[in-house]
Amino acid sequence: MTDCGRNARPSIGWLTPIPAAFLGKDAKSECVHDPQLLFVEALSSVSLSLTDKLPCEGIIRRNSTCDFAPFHSFSRSIVRISDTGASKIMTLSLSPAKLVLLAVHFAVQADIDSLAVLAARHDTVLRKDLVLRILLTYLPETLQSNKYVGFLEKIEKGTLSENTNHDVDASSVETLAEGDATKRVRKLRLLPLTFKDTPKEVEDDTITSFLVRRSYKVDEEAGLLAELPTLLLPFMDQSAYVRTLLISTILPLLRRNCEYHPEDPIQYTLSAFQELPDRVAVNLLLSRTGAREEDLPVVGRDLRGLIGPWLVDEKKWKTRRRSIVSPNGEEDDGICAGYDEVLRWLTTQASKNWRVAVNAIQQWGGPGDADLAGWGKLELTEQQQDRVQRAYAQAALASAYVLPEASSEAIEGAYSIAAQVANLRGLDPLPPFPSAVTLLPPLAEQISEDIISTKTATFMRNDLLASSNILTAPDNSAVAFLEALILSAHLLTHAGQACTIRRAGELALLQDERDQKEQASKLIHHLNHNGPKTDDKFWLGVRNEILWLRDWGAEEVSLEATPKGVFSKLKKEFLEVEILKALLFNTRYSLARSLYEDAPDRPLDEKVLQDTVYATAMTAYDNASNPNRTRGGLKKCDEIIKAFPSTLPKSHPLAQKVEALLQATHALSEYRLVLKQGEPFTPIVLRVHSDPISIIGKILEQNPKSYTRLQDFVDLGNRMVQAGLVKQSSSSSHPSSLPHPPEQVSQRITAMCIDAALTEEDFETAYSFVVTRLDSPATGQQNDDYSWRVALQAGKYRRTARTTKPTHFGTGSANEEIRHLEQRIECLSVALRIAPGATLQEILNVYRRAEEELEVKVRQEEEREEEWDWRGDSVSGTNMPGGFSSTNKAKQARVGGSSRGRDSKEEEAPMSLFDLARATGLTAPRNLSALSGLQRAAGGALGGLGRGVVGGLAGGGDKNGSERGSMDSARSGGGEVVSPTGGSHDGEGGQQRARKRDQLKNAAMGTLVSGVGWLVGAPGPAAAGGGNGRE
């Protein structure tokens, strides 16, 4: 099968085999014979038969006669005889077939002048359509258009004329036999002038068809798109189709590939590009627009020079977009699908590369702003122009809503879009962006109530280009709303809280109070930590901006106006409180006082102001890292609480509470304190600690000898109570959770200091604190579980090598062991006085053991004293003159007395505690009288001890703690001495010393009776002693 495709490039090679189609009528072929070539073949046959009869070797002259008159006129129409030269004679002798072949030869050789002469001489054979087809088929595509466009113009106008000065070379076909010429004519495959989808108005316009097909071939075969304007411009006014092709297709492609972005040309031919869908064509034309940073200033040039001409094609305006509804409810058929794609490209760029969209809107004024190279203009009706401009303005507003970046530059670009829309649509002009940010104009009343709605929020994400979208409708209300959102986003972003325009719109339209409060809190928190500390002007501006964000200036117009801002659901009081906290946090005390205390119209109530100042002071306290009140957060806390002297005077409970807290915290700064390993103590630990009194215990553990500052710790505990740090709770039996009134706090701290002293082996200090600080519990306070325990602990203490030695003995025994036991017994007596009844047995057991140890130590001391006295007497009786044997008698008496005493001791059987109490109860009057004698003789030494125990059990007690002095006085001797039997004797020397043991024994027995006599019903000291005892 022979290829007859129209895109097959024909050939005129003379050596090419002749296809079967040209061999005769009997040859079978699917090719259709070209009518014009058949016509030429017929002419050639007639011409051959005619020339055989002509004289002069077949050359017919103008006025000659011939034997074939019927053919004379016809031959004259075929061959014109000229007298001007051999070349003319030669061409006149050519048959039509050879003329066609010669014309093809000239076209192949791009010899336009020879072809023009040949076509002018033989216009009957080389008719207009045949010449155009020959040119279309065989003229080289690389030939410059200016070489043959003039020839085309002459053909179109029919003004071809012979050029007498040009010789036509017919040698290429001169020797060719007519039969071969005919066959070769048959072989020619001339391309038709029609093309795919040829419009009806072009079917009969051969020159237009030729130009269109020639343009396609030049672009496809040679890629010389730049040659097409030269080819088509002369015919633009004669053919609307040529003008449309030139402006809407060739011009955009030529600029896109050769002028604007030659580094990345579109890989489509002219005809293929015409057939592309609008979406693909738009994206191809604008694929390199704004792709590089340096191309941003020429984005408008691309839209003006590529899209503007591309929209000139009327066919694009016949394809309407039907998804858009006009404001009057009717379908909008004034926007073409191609232009709709341009608008969608604009919004898509805004969401991906906002700089491209912003520059495009700033530099391009819409379809009317088109660069057509002076070749034409976009012809739209007035209604279409309005709709096109409205759609462009709507796309611009939509682009502002989809800007993805929350930067000052992007927000300022969005503002320029709003200003451009207002300018394009003749709306109220917008002030310059810096002025708008500074002045913050009232915009609330310009915004329609229909816009501020939860339902409207969906329009920010969907159907941005729909004419029913009230957010992108290019009117004053929508532009004012967008302006308010842009300014709000700028204020938030400038303050450190990145916010896009869409985010600002969601805050304003969704009206979620929780979301708005979170955004406002983040904003103020960021300003707290990043704002200047010394610029009142800045903070005054911040306050104005935050309040404007709430109502968009509505209160400037009317105090009763409904807020419409991004913080519209927040109460003004909440924002004022947060602003006040920010001012105090940044030490703007004078500004805060002038705004909230000294102002005639106070923004906050006095109670709210007090609570806010207190809360801010506590925040500064909690953020402090140094417990010294003259530095850091504690200093700021002190300054804040004193910043409003009229609202929070020193006498106010909150001010006193903060002052006590600061004093307590400052007191802790004097000590080394680490609650957790590797973490230094911070003030907030004190405020949140569940048992702040226990911190004093940590101080005692980590600071040696700090227990000596007992009164300082008691004052510290009292300040903790005043500061409200000590929790009032009695839900648990654990000591730390018991109620802590000031008295019990003092007792607990005293117990801590005593325990710390015992831990550091300083029994003397512990003993002093026990006998001077631990008193009997007051009425109604039965929860003191500290004092009696620590007194018992002191009573159990035993001296070691590390025990601190006393610095003075006073009137006490010089024997350290005896003195220590006496002090222990005094501590135990204090424990008996203040301990609850259930614990007395434990204390009494310890007491009895201590008394036994004391008795042993006293007896050993007496034996040593007697031994010393005996040695002294022996020396004095032997050496002194006049000595007698009385010494031996005294010695025997002493030895015998001692023996009898020891024997009597050995004979005594052990007694139980109750038997001992019952037996001693009978001797109570004698013991008490003996104690009274001791008091009179020795200053009430042992009597103080007895009265202390008796008074403790009876509800009284000696609060001066004189037990220590009483014991010392009892051992010091002198005055009346009580005998073991209750009598009294006056004596000195060994006799007096021998009775000290009995004195101490009777005193201890009396104390025991006083302490436990109530268990067995023994008479009290007052009854037994005749009222001489002390209640």
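Residues numbered from 1 in each chain as written. Predicted model: local features only at pLDDT ≥ 70, side-chain atom pairs only at ≥ 80, totals over all residues. Heavy atoms only, no water.

**Section: the overall build of the protein chain**
Scanning the protein chain from terminus to terminus reveals 49 helices and two strands. Counting all 1031 residues of the protein chain, 49% fall into the buried class. (Helix = DSSP H or I, 4+ residues; strand = E, 2+ residues; numbered from the N terminus. Buried < 20%, exposed > 50% of the residue type's maximum accessible area, 1.4 Å probe, protein only.)

**Overview of the packing of helix H12 (residues 206-222) against helix H14 (residues 240-260)**
Running from N to C, H12 and H14 point in directions that differ by 20 degrees, and their axes come no closer than 9 Å. Relative to H14, the element H12 is oriented roughly parallel. Of the two elements, H12 crosses H14, and the hand of that crossing is left-handed. Of H14, the residues touching H12 (which contributes Thr208, Leu211, Val212 and Tyr216) are Tyr241, Val242 and Leu245. For the contact of H12 with H14, the per-class residue count stands at six nonpolar, one polar and no charged. (Axes fitted to C-alpha atoms, helices over the stretch in contact; angles between N-to-C directions. Parallel < 35°, antiparallel > 145°, perpendicular 65-115°, else oblique. Left-handed = near helix turned anticlockwise from the far one by under 90°. Contact = heavy atoms within 4.5 Å. Nonpolar A, V, L, I, M, F, W, Y, C, P; charged D, E, K, R; others polar.)

**Some thoughts on the packing of aromatic side chains**
One pass over the full model with this rule turns up 10 aromatic pairs. An angle of 10 degrees between the planes, with centres 5.2 Å apart, marks the rings of Phe763 and Tyr797 as stacked. A residue pair is termed long-range when its members are at least 10 positions apart, and Phe763 in helix H38 (residues 763-773) and Tyr797 in the loop between helix H39 (787-796) and helix H40 (816-834) qualify at 34 residues. Like Phe763, the residue Tyr797 is buried in the burial classification. Above the face of the Tyr260 ring, Arg301 is positioned so that its terminal group lies 4.0 Å from the ring centre. The ring of Phe585 has Lys636 lying over it, and the distance from NZ or CZ to the ring centre is 4.4 Å. (Phe/Tyr/Trp six-rings, centres within 6.5 Å; stacked < 30°, edge-to-face > 60°. Lys NZ or Arg CZ within 6 Å of the ring centre and 35° of its normal.)

**Quick word on empty space enclosed by the protein**
It is the rolling of a water-molecule-sized probe over the atoms that shows where space remains empty. The full count for this structure, using the stated rule, is nine cavities of 30 Å³ or more. A volume near 110 Å³ is recorded for the largest cavity. Lining the largest cavity are 12 residues, and of these Glu764, Arg799, Pro806, Glu816 and His820 lie nearest its centre. Where the lining of the largest cavity is concerned, the elements lending two or more residues are H38 and H40. When grouped by side-chain class, the residues that make up the lining of the largest cavity number three nonpolar, four polar and five charged. (1 Å grid on protein atoms, 1.4 Å probe; cavity = no way out; pocket = protein on both sides within 12 Å on 5 of 7 lines; lining within 4 Å. Points joined across faces, edges and corners; volume = space filled by probe spheres on them.)

**Focus: the pattern of salt bridges**
Enumeration according to the criterion identifies 42 salt bridges in this entry. Notably, a salt bridge pairs Glu263 with Arg288, separated by 3.9 Å at the nearest N-O pair. In this pair, Glu263 sits in the loop between H14 and helix H15 (270-274) while Arg288 sits in the loop between helix H16 (278-285) and helix H17 (299-310), placing the two residues 25 residues apart along the sequence. Among the residues examined, Glu263 registers a relative accessible area of 44% and is labelled partly exposed. As a salt-bridge pair, Asp386 and Arg425 come within 3.6 Å of each other at their nearest N and O atoms. Of this pair, Asp386 sits in helix H21 (residues 382-401) while Arg425 is found in the loop between helix H22 (408-424) and helix H23 (433-439), placing the two residues 39 residues apart along the sequence. The exposure class assigned to Asp386 is partly exposed, which follows from its relative accessible area of 41%. Salt bridges here are not isolated pairs; linked through shared partners, they connect Arg629, Asp638, Lys642 and Glu659. (Salt bridge = Lys/Arg side-chain N within 4 Å of Asp/Glu carboxyl O.)

**Quick look at the layout of surface pockets**
Approximately 1,100 Å³ is the volume attributed to the second largest pocket. Contributing to the lining of the second largest pocket are 41 residues, with Pro199, Tyr241, Gln274, Asp313 and Lys315 lying nearest its centre. Put simply, the parts of the chain that give the lining of the second largest pocket at least two residues each are helix H11 (200-203), H12, H14, H15 and helix H18 (314-318). In terms of residue count, the dominant contributor to the lining of the second largest pocket is H14 (eight residues).

**Brief notes about the environment of Ser171**
As for its position among the elements, Ser171 is in helix H9 (residues 171-174). Taking the C-alpha atoms as reference points, Ser171 and Leu102, 69 residues apart in sequence, are found 9.0 Å from one another. At a separation of 2.8 Å, a polar atom in the side chain of Ser171 contacts the side chain of Asp169. (Polar contact = N/O pair within 3.5 Å; in protein donor to acceptor, adjacent residues only side chain to side chain.)

**Some points on the packing of H21 against helix H24 (residues 476-494)**
Following both chains from N to C, one finds H21 and H24 inclined at 25 degrees, their axes separated by 11 Å at the closest point. In terms of orientation, H21 and H24 fall into the roughly parallel class. Note that H21 runs across H24; the crossing there is left-handed. Contacts between H21 and H24 involve Leu397, Ala400 and Tyr401 from the first element and Phe481, Leu482 and Leu485 from the second.

**A word on unusual backbone geometry**
Of note in this structure, Gln511 is not a glycine but carries a positive phi near 55 degrees. Looking at where Gln511 falls in the secondary structure, it is placed in the loop between helix H25 (501-510) and helix H26 (513-530). For Gln511, a relative accessible area of 25% gives the class partly exposed.

**Brief notes about the nonpolar core**
Leu135, Leu152, Tyr339, Phe481 and Trp552 are the most contacted members of the largest nonpolar core, which has 264 residues in total. Here this core takes 11 residues from H24, the largest share from any one element. Leave out the neighbours within four places in its chain, and Leu135 touches Ala107, Ile112, Leu115, Phe151, Leu152, Ile155, Phe210 and Arg214. (Core = buried A, V, L, I, M, F, W, Y, C linked by side-chain atoms within 4.5 Å.)

**Details of helix H35 (residues 694-702)**
By the burial criterion, the buried members of H35 are Ile695, Ile696, Gly697, Ile699, Leu700 and Gln702. The inward-facing, buried residues of H35 contact helix H33 (653-668), helix H34 (683-688), helix H36 (710-722) and helix H37 (742-759).

**Re the side chain of Asn703**
Looking at the secondary structure, you find Asn703 in the loop between H35 and H36. Among the polar contacts listed, one links the side chain of Asn703 to the backbone oxygen of Ile699, at a separation of 2.8 Å. What Asn703 contacts, discounting residues up to four positions off in sequence, is Tyr671, Arg672 and Glu760.

**Comments concerning the confidence of the model for the protein chain**
Scored by pLDDT, the protein chain has a mean of 77; 71% of the residues are at 70 or more. In the predicted structure, residues 322-333 sits below a pLDDT of 50 and forms 20 contacts with residues beyond four places in sequence or in another chain. Note that residues 885-909 has pLDDT below 50 and, in this model, seven contacts with residues that lie over four places away or in other chains. (pLDDT = per-residue confidence, 0-100.)

**Regarding the environment of Arg301**
Turning to its location among the elements, Arg301 is positioned in helix H17. When neighbours within four sequence positions are excluded, Arg301 is seen to be in contact with Tyr260, His261, Leu306 and Gln363.

**Things to note about the environment of Ala373**
Mapping Ala373 onto the fold places it in the loop between helix H20 (354-363) and H21. Judged by relative accessible area, Ala373 falls into the partly exposed class, the value being 34%. Taking the C-alpha atoms as reference points, Ala373 and Pro309, separated by 64 residues in sequence, lie 8.9 Å from one another. Setting aside anything within four residues of it in sequence, one finds Ala373 in contact with Leu251 and Arg255.

**Looking at H16**
All buried positions along H16 are accounted for by Ala281, Val282 and Leu285. All buried residues of H16 project into a common sector of 100 degrees when viewed along the axis, lining one side. Of the surrounding elements, those touching the buried residues of H16 are H14, H15, H17 and helix H19 (337-352). (Arc of directions from axis to C-beta.)

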